[in-house]
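So you can see what is in the structure, the chains are spelled out below.
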Amino acid sequence: EAPRAAVSPQNGAVPGERSKRDENVKRGNWGNQIEFVLTSVGYAVGLGNVWRFPYLCYRNGGGAFMFPYFIMLVFCGIPLFFMELSFGQFASQGCLGVWRVSPMFKGVGYGMMVVSTYIGIYYNVVICIAFYYFFVSMTRVLPWTYCSNSWNTPDCAGVLDGNGNGSAAVNLTRLLNATQKRTSPSEEYWRKYVLNLSDDIGNLGEVRLPLLGCLGVSWVVVFLCLIKGVKSSGKVVYFTATFPYVVLTILFVRGITLEGAVTGITYYLTPQWDRILDAKVWGDAASQIFYSLGCAWGGLITMASYNKFHNNCYRDSIIISITNCATSVYAGFVIFSILGFMANHLGVDVSKVADHGPGLAFVAYPEALTLLPISPLWSILFFFMLILLGLGTQFCLLETLVTAIVDEVGNEWIIRRKTFVTLGVAVAGFLLGVPLTTQAGIYWLLLMDNYAASFSLVVISCIMCVAIMYIYGHRNYFKDIEMMLGFPPPIFFQICWRFISPAIIFFILVFTVIQYRPISYNDYVYPTWAISIGFLMALSSVICIPIYAIYKVCRSEGDTLLE
């Protein structure tokens with residue numbers, strides 16, 4: 001900390017705050033820069049890269065989706081990523097404290113906290129399902145290998161069943177009885193055994209105890225890794241952020257050597273250009289960039305607030321964004337080589353094979369894993385990778401909430417008791433996740449995924465852009481960055497922040513409203529009341545912004561709005 005004293009005492013301190021130096025001695029810093037970059041990579045690269053990106057890609061016209069995706073990355077993703085990092089680093093505060101720059105917009109911070117809460121609740125449920133699969137993989141034969149179990153139906157067609165029902169037999173059956181739908185044992189294991197799926201979102205049934213146990217395990221792990229805040233989680237990410245790449249590569253090599261893999265990859269990369277005019281494709285591309293990079297979740301501001309004041313966050317933001325998108329594309333190859341193989345085996349088109357959403361990771365992958373020699377080993381590895389990907393994001397979601405609470409209260413007493421705040425938030429998160437482990441849990445999980453954390457992110461980001469650029473003032477902001485980095489932000493970023501990013505965000509918002517279609521899961525269509533709950537969740541984060549602004553205006557002295 002010694003060299004920091006050389007800088008003028010007010011180095012970037014927001015008015016009403018003591019100089020930067022003692023502030024950070026109190027809050028703590030990252031051990032070194034690599035910890036920050038790895039944590040941010042772990043945060044940005046999450047389950048979405050494996051079970052959301054390839055699925056969006058295959059739903060939105062294969063290779064044609066890459067085009068809107070990379071445009072959104074360059075004009076929206078990287079600029080917003082850099083903005084959030086520099087914002088948090090400059091103020092050295094969590095997602096609430098940073099709004100001292102423009103107190104009226106503190107509601108944006110509360111909105112971010114609400115979004116992080118929703119995501120934190122359901123994200124850990126996905127991790128807990130990965131934990132469940134991880135534990136059941138510790139057998140000699142994976143339980144979803146054959147069709148001979150009590151939960152299987154007559155429609156089941158295993159890859160390894162020795163009774164000769166290869167693709168020829170399947171094709172014959174399809175000709176004789178076109179209505180009969182063949183399913184894989186892994187899909188039946190997922191729907192009929194793991195989830196014991198009920199017929200309706202309102203029909204909760206019973207809590208699946210194995211999943212509840214795994215949910216407890218995943219919250220305990222997250223809590224232990226964050227017990228000392230960024231000091232402890234910074235050490236954990238050396239492993240959690242790097243190991244998934246090893247596993248992905250192993251699976252990639254195995255995937256492309258399977259028969260039919262080329263078909264799947266062709267499907268992944270062949271562009272359907274007519275889809276590019278569909279606004280939904282652009283909306284999904286933007287959502288995915290936001291979702292994937294973690295813009296507007298509050299986590300980037302939080303992580304950057306633990307940086308040294310003069311850290312080059314411009315370089316970091318580009319490294320992290322590019323790594324994240326490269327991982328998404330890479331994971332797509334791994335998934336699609338396997339989908340192509342499954343389609344080839346079942347004698348159907350690739351588009352018929354995949355289940356939506358998390359089912360992709362818990363159906364398509366496990367199916368492929370049964371084909372590998374010593375399959376339980378690969379299965380353990382793969383689900384361990386999913387767990388690590390999820391945990392990297394979950395650490396930051398929890399840290400965002402805890403940091404916001406601690407910085408907001410801000411006295412010595414609560415800073416000393418930060419561990420208890422972490423414990424409290426973790427216990428609350430566990431209890432709120434319990435309904436998602438019931439038989440209708442997956443319906444609720446997808447409802448939260450689709451509504452709570454998609455377009456509210458876009459609105460929050462847009463308002464944040466406007467607040468910093470136009471209310472706080474772009475000249476002030478560029479000066480702050482120059483003071484921090486030693487150079488002003490490049491012209492491209494200045495233009496993006498002021499005009500392009502907010503404009504793109506706004507257009508997407510309009511498009512989505514026009515092209516809105518209600519959510520469904522496979523053949524199940526959600527009832528109106530469930531969709532209303534979804535909208536309320538989406539609204540609950542955005543509504544914080546105007547409510548807080550009105551509250552602030554009413555409380556402040558002055559006759560006119562400008563004062």
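Residues numbered from 1 in each chain as written. Predicted model: local features only at pLDDT ≥ 70, side-chain atom pairs only at ≥ 80, totals over all residues. Heavy atoms only, no water.

- By the naming in an unreviewed UniProt entry, the protein chain is Transporter, taken from Crypturellus undulatus.
- Per UniProt, the protein chain has the following entry under Catalytic activity (unreviewed entry): "glycine(out) + chloride(out) + 2 Na(+)(out) = glycine(in) + chloride(in) + 2 Na(+)(in)". (UniProt positions renumbered as here; feature names shortened; annotations may be inferred.)

Points about the pattern of salt bridges
For step 1, the next point in the chain: All chains considered together, the criterion is met by eight salt bridges.
For step 2, the next point in the chain: A salt bridge links Lys235 to Glu35, with the shortest nitrogen-to-oxygen separation between them at 2.6 Å. Of the two residues, Lys235 sits in helix H10 (residues 230–240) while Glu35 sits in helix H2 (residues 33–44), which places them 200 residues apart along the sequence.
For step 3, the next point in the chain: Residues Lys106 and Glu408 are paired through a salt bridge, measuring 2.8 Å at the closest nitrogen-oxygen approach. Pair noted here: Lys106 is in helix H6 (residues 106–136) and Glu408 is in helix H17 (residues 375–409), with a separation of 302 residues, a long-range link.
For step 4, the next point in the chain: With a relative accessible area of 14%, Lys106 lands in the buried category. (Salt bridge = Lys/Arg side-chain N within 4 Å of Asp/Glu carboxyl O. Helix = DSSP H or I, 4+ residues; strand = E, 2+ residues; numbered from the N terminus. Buried < 20%, exposed > 50% of the residue type's maximum accessible area, 1.4 Å probe, protein only.)

Remarks on the side chain of Thr145
For step 1, the next point in the chain: The residue Thr145 is located in the loop between H6 and helix H7 (167–176) in this model.
For step 2, the next point in the chain: A distance of 2.6 Å separates a polar side-chain atom of Thr145 from the backbone oxygen of Leu142. (Polar contact = N/O pair within 3.5 Å; in protein donor to acceptor, adjacent residues only side chain to side chain.)

What about unusual backbone geometry?
For step 1, the next point in the chain: Even without being a glycine, Ser92 presents a positive backbone phi close to 50°.
For step 2, the next point in the chain: With respect to the element layout, Ser92 can be found in the loop between helix H5 (66–91) and H6.
For step 3, the next point in the chain: On the basis of relative accessibility, which here comes to 0%, the residue Ser92 falls in the buried class.
For step 4, the next point in the chain: Of note in this structure, Asn522 is not a glycine but carries a positive phi near 55°.
For step 5, the next point in the chain: Tracing the backbone shows Asn522 in the loop between strand S1 (520–521) and strand S2 (524–525).
For step 6, the next point in the chain: Taking the relative accessible area as the measure of exposure, Asn522 reaches 27% and is therefore partly exposed.

Regarding helix H13 (residues 279–293)
For step 1, the next point in the chain: Its 15 residues give H13 an end-to-end C-alpha distance of 21 Å, which sits within 8% of 21 Å, the value for a rise of 1.5 Å per residue.
For step 2, the next point in the chain: H13 sits mainly inside the fold: 13 of its 15 residues count as buried.
For step 3, the next point in the chain: At the exit of H13 stands Gly294, carrying a positive phi of roughly 80°. (Expected span 1.5 Å × (residues − 1).)

Thoughts on the nonpolar core
For step 1, the next point in the chain: Core analysis: the biggest nonpolar cluster contains 182 residues, and Tyr133, Leu386 and Tyr526 have the highest contact counts within it.
For step 2, the next point in the chain: With 20 residues, the top contributor of residues to this core is H6.
For step 3, the next point in the chain: Contact partners of Tyr526, with chain neighbours within four places excluded, come to Ile201, Ile442, Tyr443, Leu446, Leu447, Ile519, Ser520, Tyr521 and Ile531. (Core = buried A, V, L, I, M, F, W, Y, C linked by side-chain atoms within 4.5 Å. Contact = heavy atoms within 4.5 Å.)

Details of the state of the cysteines
For step 1, the next point in the chain: As enumerated under the stated definition, the model contains one disulfide in all.
For step 2, the next point in the chain: In this model, Cys147 is linked to Cys156 through a disulfide, with the two sulfur atoms separated by 1.9 Å. Taking the sign of the torsion about the S-S bond as the criterion, the disulfide between Cys147 and Cys156, at about -65°, is left-handed.
For step 3, the next point in the chain: The thiol of Cys396 is not disulfide-bonded; the next cysteine sulfur, from Cys225, is found 12 Å away.
For step 4, the next point in the chain: Residue class for Cys396 comes out buried when judged on its relative accessible area of 1%.
For step 5, the next point in the chain: Summary of cysteine pairing: Cys554 is not part of a disulfide, and the nearest cysteine sulfur, belonging to Cys544, is at 17 Å. (Disulfide = S-S within 2.5 Å.)

Overview of the confidence of the model for the protein chain
For step 1, the next point in the chain: Residues with a pLDDT of 70 or more make up 90% of the protein chain, whose mean pLDDT is 87.
For step 2, the next point in the chain: Segment residues 1–19: pLDDT under 50, and 32 contacts once partners within four positions in sequence are set aside and those in other chains are kept. (pLDDT = per-residue confidence, 0-100.)

A few points about the UniProt feature "binding site: Na(+) 1" (unreviewed entry) in the protein chain
For step 1, the next point in the chain: The UniProt record annotates "binding site: Na(+) 1" (unreviewed entry) at Gly42, Val45, Ser292, Asn324 and Leu389. These annotated residues cover 348 residues of sequence, but their C-alpha atoms sit close together, with the largest distance between any two at 11.9 Å.
For step 2, the next point in the chain: Take Asn324: it is sitting in helix H15 (residues 313–346).
For step 3, the next point in the chain: Setting aside anything within four residues of it in sequence, one finds Leu389 in contact with Gly42, Val45, Gly46, Leu47, Val50 and Pro244.

Comments concerning the environment of Asp480
For step 1, the next point in the chain: Here Asp480 shows up in helix H21 (residues 455–485).
For step 2, the next point in the chain: In this structure Asp480 comes out as buried when scored by relative accessible area, which is 12%.
For step 3, the next point in the chain: Along the sequence, Asp480 and Thr438 sit 42 residues apart, while their C-alpha atoms lie 49 Å from each other.

A word on the packing of helix H12 (residues 261–269) against H15
For step 1, the next point in the chain: Running from amino to carboxyl end, H12 crosses H15 at an angle of 130°, the nearest separation of the two axes being 6 Å. In terms of orientation, H12 and H15 fall into the oblique class. In this structure, the crossing between H12 and H15 has a hand that is right-handed. Residue-level inspection shows Ala261, Gly264, Ile265, Tyr267, Tyr268 and Leu269 of H12 in contact with H15, the latter providing Ser328, Val329, Gly332, Phe333, Phe336, Ser337, Gly340 and Phe341. (Axes fitted to C-alpha atoms, helices over the stretch in contact; angles between N-to-C directions. Parallel < 35°, antiparallel > 145°, perpendicular 65-115°, else oblique. Left-handed = near helix turned anticlockwise from the far one by under 90°.)

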